[in-house]
Amino acid sequence: METFSYVKAPSIDKALASAQQAKFIAGGTTLVDLMKLNVETPKTLVDINLLPLDKIEKLPDGGLRIGALVRNSDLAWNADVQKSYAVLSEALLSGASPQLRNMATTGGNLLQRTRCMYFREPSAGTPGGYGCNKRTPGSGCAAMDGFNRMHAVLGTSEHCIATHPSDMCVAMAALEAVIHVEGPKGKRTIAFADFHRLPGDTPQIENALEHGELVIYVDLPKPVEGAKSTYLKLRDRASYEFALASAAIIVRVDGGHIRYIRVAMGGVGTKPWRSHEAEAALMGKPANAATFKAAAEAALAKAKPQKDNAFKVELAKRCLVRSLKTATA
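Rules used in this analysis
Residues numbered from 1 in each chain as written. Predicted model: local features only at pLDDT ≥ 70, side-chain atom pairs only at ≥ 80, totals over all residues. Heavy atoms only, no water. Salt bridge = Lys/Arg side-chain N within 4 Å of Asp/Glu carboxyl O. Buried < 20%, exposed > 50% of the residue type's maximum accessible area, 1.4 Å probe, protein only. Helix = DSSP H or I, 4+ residues; strand = E, 2+ residues; numbered from the N terminus. Pairing = 2+ DSSP bridges. Axes fitted to C-alpha atoms, helices over the stretch in contact; angles between N-to-C directions. Phe/Tyr/Trp six-rings, centres within 6.5 Å; stacked < 30°, edge-to-face > 60°. 1 Å grid on protein atoms, 1.4 Å probe; cavity = no way out; pocket = protein on both sides within 12 Å on 5 of 7 lines; lining within 4 Å. Points joined across faces, edges and corners; volume = space filled by probe spheres on them. Nonpolar A, V, L, I, M, F, W, Y, C, P; charged D, E, K, R; others polar. Contact = heavy atoms within 4.5 Å. Disulfide = S-S within 2.5 Å.

Considering all chains together, one arrives at 20 salt bridges under this definition. Here K55 ties to D54 by a salt bridge, and the two come within 3.1 Å at their closest N and O atoms. On the basis of relative accessibility, which here comes to 44%, the residue D54 falls in the partly exposed class. Two residues, K233 and D167, come together in a salt bridge whose shortest N-O distance is 2.8 Å. With K233 in strand β9 (residues 228–234) and D167 in the loop between α7 (106–110) and α8 (168–175), the pair connects residues that are 66 residues apart, well separated along the chain.

The structure is reproduced here in structure tokens:
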């Protein structure tokens, strides 16, 4: 690990003023790992744990505001989240371990980086090391011809096929969250769908944050009346494992037909994957097995599997069908 300076920020203004050549740190459950591997080499760490961003509050319009420093465990077990946003609670509780959930924050989870083994290899992107365009643009993508069982099948490009790892973000994509940030240019909001970027030809640019910006809080809209939700995660083992495929479903059924539907998928995309194709195939249709199967086919129609992860296409379809059955039962 390279040497760095450490600053403990007493306020948001002080944190932003210290942001030059710095990384913000809260729980550190991803950043510290990456620093040990020399994937991240910040000159300064700005500790933001003193900032007043650890509250969960109801909004006047019926929505919910989640501070960026709310720990994953606190968010998952919050009574309002469990009652009105069950899909988010289920997603959080399926991720990591209790110890990590007690440390990891909402803002940190939004910024979680890929678990691609080539990206995390200390020598990646260096002469003689594995190619990684996230680490060193133009160095290539070793996963293309390497072992790519865990990699993405949706949203990939010739420059990167790394999978986005977060469970929380899949649920927030389905919930259509709004992210509030603050930086040198002031405050702004970012729709969740616009926060994470597809790799395209710039896989090193992973999100919409500008230099020095800090996530302040996340707003969830008012729950859809009469809707039910579920989160299903399929993985190699029952705990402390990343998704091979997952699905977040929010659905309202009236008279046997689907009247409201949001579908997001994890484990298969280069970003938390909102499936508008599946939603179009479901909206207004009977809530039955044939409709669910058609939606699953639509969701994966543009999949581009690699040599080791072709199984993910069928697995994701089955995951989606099963989660739809659960949510509409």
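Across the sheet, 5 strands lie side by side as β4-β5-β8-β6-β7; this open sheet has antiparallel pairing. Only two strands of the sheet have a single partner each, and these edge strands are β4 (56–58) and β7 (186–191). With direction set aside, neighbouring strand axes in the sheet form an average angle of 20°. Inspection of the sheet shows strand β6 (residues 178–183) paired to strand β8 (residues 214–220) by 5 bridges, in the antiparallel sense. By the bridge assignment for β8, E182 is matched with L214.

On to the packing of aromatic side chains. Scanning all chains against the criterion turns up 1 aromatic pair. Ring centres of Y118 and Y130 lie 5.1 Å apart, and the angle between their planes is 70°; this geometry places the pair in the edge-to-face category. A residue pair is termed long-range when its members are at least 10 positions apart, and Y118 in the loop between α7 and α8 and Y130 in the loop between α7 and α8 qualify at 12 residues. Taking the relative accessible area as the measure of exposure, Y118 reaches 9% and is therefore buried.

What follows deals with the sheet that holds strand β2 (residues 22–25). Pairing in this open sheet of 3 strands is parallel, and the strands run β1-β3-β2 from one edge to the other. Strands with a single pairing partner mark the edges of an open sheet, and in this sheet they are β1 (5–8) and β2. Averaged over all neighbouring strand pairs, the angle between strand axes comes to 25°, with direction disregarded. Strand direction decides the pairing type here: β2 and strand β3 (residues 44–47), joined by 4 bridges, are parallel. Bridging from a neighbouring strand, I25 pairs with D47 of β3.

Now for empty space enclosed by the protein. Applying the stated criterion to the full structure yields 1 cavity of 30 Å³ or more. Along the wall of the largest cavity there are 15 residues; nearest its centre are C116, C132, N133, C141 and C160. When grouped by side-chain class, the residues that make up the lining of the largest cavity number 10 nonpolar, 4 polar and 1 charged.

With that settled, the discussion passes to the environment of G146. Turning to its location among the elements, G146 is positioned in the loop between α7 and α8. Sequence spacing of G146 and S94 is 52 residues, and the spatial spacing of their C-alpha atoms is 28 Å. Not counting the four nearest positions on each side in its chain, G146 is found in contact with Y118, K307 and D308.

A full pass over the atoms with the stated rule returns 0 disulfides. Of all cysteine sulfurs in the structure, the one in C132 sits closest to C116, which takes part in no disulfide; the separation is 6.1 Å. Distance from the sulfur of C169, which forms no disulfide, to the nearest cysteine sulfur (C160) is 16 Å. Since its relative accessible area comes to 0%, C169 is described here as buried.

Moving on, we come to the layout of surface pockets. Estimates place the volume of the second largest pocket at around 290 Å³. As for the second largest pocket, its lining consists of 19 residues, of which S84, P223, V224, A227 and I250 are closest to the centre. Within the residue set of the lining of the second largest pocket, elements represented by two or more residues are α4 (79–84), α5 (86–93), α8 and β9. A per-class count over the lining of the second largest pocket returns 11 nonpolar, 3 polar and 5 charged.

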